[in-house]
Amino acid sequence: MKSKEENIIATKSYDFAVRCVKLYKYLCVEKHDYTIGKQLLRCGTSIGANVKEALRGYSKADFTAKMSISLKEASETEFWLELLRDTEYITESQAESMLADCVEIIKLLMAIIKTAQNNN
């Protein structure tokens, strides 16, 4: 198994989780928002947690299932980021940076899942 440094989805999802934690802290301190921020924190960090579980899965089916959960969490994260942008809780530039990373993760996960399903 590859280490986090050698696995692009593990690295990108972990780095994205760190950004989600920092955004959550910003929303709590600067905007006094705990509800939307907590939703973002939950799903944004869940992406990487499920990727890590998938990489240590017991079977191809387990791997695919966990990666699919990561994809669902990434899609939910994309929703919350768009909502935060459109309600002006975060700036356009803050949102676009986070959204670009999120969309990249979504594309990677879709490719990983497709490849895994085709190899079954």
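Let us look at the structure shown here.

## Some details on the overall build of the protein
Link 1 in the chain: From N to C terminus, the protein includes four helices and zero strands.
Link 2 in the chain: Starting at the N terminus and ending at the C terminus, the protein contains elements arranged as α-α-α-α.
Link 3 in the chain: Taking 120 residues into account, the globule formula puts the C-alpha radius of gyration at 14 Å, and the protein, at 15 Å, falls close to it.
Link 4 in the chain: Here the C-alpha coordinates of the protein stretch approximately 45 × 20 × 20 Å along the principal axes.
Link 5 in the chain: By residue count, 38% of the 120 residues in the protein fall in the buried class.
Link 6 in the chain: Considering only residue pairs separated by 6 or more positions, the protein has 71% of its internal contacts joining residues 24 or more positions apart.
Link 7 in the chain: Split by element, the accessible area of the protein, about 7000 Å² in all, is 55% carbon and sulfur.
Link 8 in the chain: Averaging the positions of the 17 positive and the 17 negative side-chain charges in the protein gives two centres separated by 6 Å.

## Notes on the environment of arginine 19
Link 1 in the chain: Its location among the elements puts arginine 19 in helix H1 (residues 8-30).
Link 2 in the chain: Each C-alpha atom of the pair arginine 19 and valine 103 lies 14 Å from the other, and the pair is 84 residues apart in sequence.
Link 3 in the chain: Within the structure, arginine 19 has its side chain in polar contact with the side chain of serine 97 (distance 2.7 Å).

## A few points about unusual backbone geometry
Link 1 in the chain: The phi dihedral of histidine 32 is positive, around 55°, even though this residue is not glycine.
Link 2 in the chain: Relative to the assigned elements, histidine 32 resides in the loop between H1 and helix H2 (35-55).
Link 3 in the chain: The phi angle at glutamate 88 is positive, at roughly 65°, despite the residue not being glycine.
Link 4 in the chain: Among the structural elements, glutamate 88 can be located in the loop between helix H3 (60-86) and helix H4 (92-118).

## Focus: the packing of H1 against H3
Link 1 in the chain: Closest axis-to-axis distance for the H1/H3 pair is 13 Å, and the angle between their directions is 35°. The interaxial crossing formed by H1 with H3 has left-handed handedness. Here Ile9, Phe16, Leu23 and Leu27 of H1 come into contact with H3, specifically with Met67, Thr77, Leu81 and Leu84.
Link 2 in the chain: Class assignment of the residues belonging to the contact of H1 with H3 gives a composition of seven nonpolar, one polar and no charged.

## Here's the deal with the nonpolar core
Link 1 in the chain: Judged by nonpolar contacts, the single largest core of 27 residues is most densely connected at Phe16, Leu23, Met67, Leu81, Leu84, Ile105 and Leu109.
Link 2 in the chain: Residue assignment for this core shows that the elements contributing at least two residues are H1, H2, H3 and H4.
Link 3 in the chain: Broken down by element, the residue count for this core peaks at eight residues, all from H4.
Link 4 in the chain: Apart from the residues lying within four places of it in its own chain, the contact partners of phenylalanine 16 are Gly44, Ile47, Thr77, Leu81, Met98, Asp101, Cys102 and Ile105.

Here is what the cut-offs are and how they apply
Residues numbered from 1 in each chain as written. Predicted model: local features only at pLDDT ≥ 70, side-chain atom pairs only at ≥ 80, totals over all residues. Heavy atoms only, no water. Helix = DSSP H or I, 4+ residues; strand = E, 2+ residues; numbered from the N terminus. Rg over C-alpha atoms; globule rule 2.2 N^0.38 Å. Buried < 20%, exposed > 50% of the residue type's maximum accessible area, 1.4 Å probe, protein only. Contact = heavy atoms within 4.5 Å. Areas by Shrake-Rupley, 256 points an atom, 1.4 Å probe, with all protein chains shown as cover. Lys, Arg positive; Asp, Glu negative; His and termini not counted. Charge placed at Lys NZ, Arg CZ, Asp CG, Glu CD. Polar contact = N/O pair within 3.5 Å; in protein donor to acceptor, adjacent residues only side chain to side chain. Axes fitted to C-alpha atoms, helices over the stretch in contact; angles between N-to-C directions. Left-handed = near helix turned anticlockwise from the far one by under 90°. Nonpolar A, V, L, I, M, F, W, Y, C, P; charged D, E, K, R; others polar. Core = buried A, V, L, I, M, F, W, Y, C linked by side-chain atoms within 4.5 Å.

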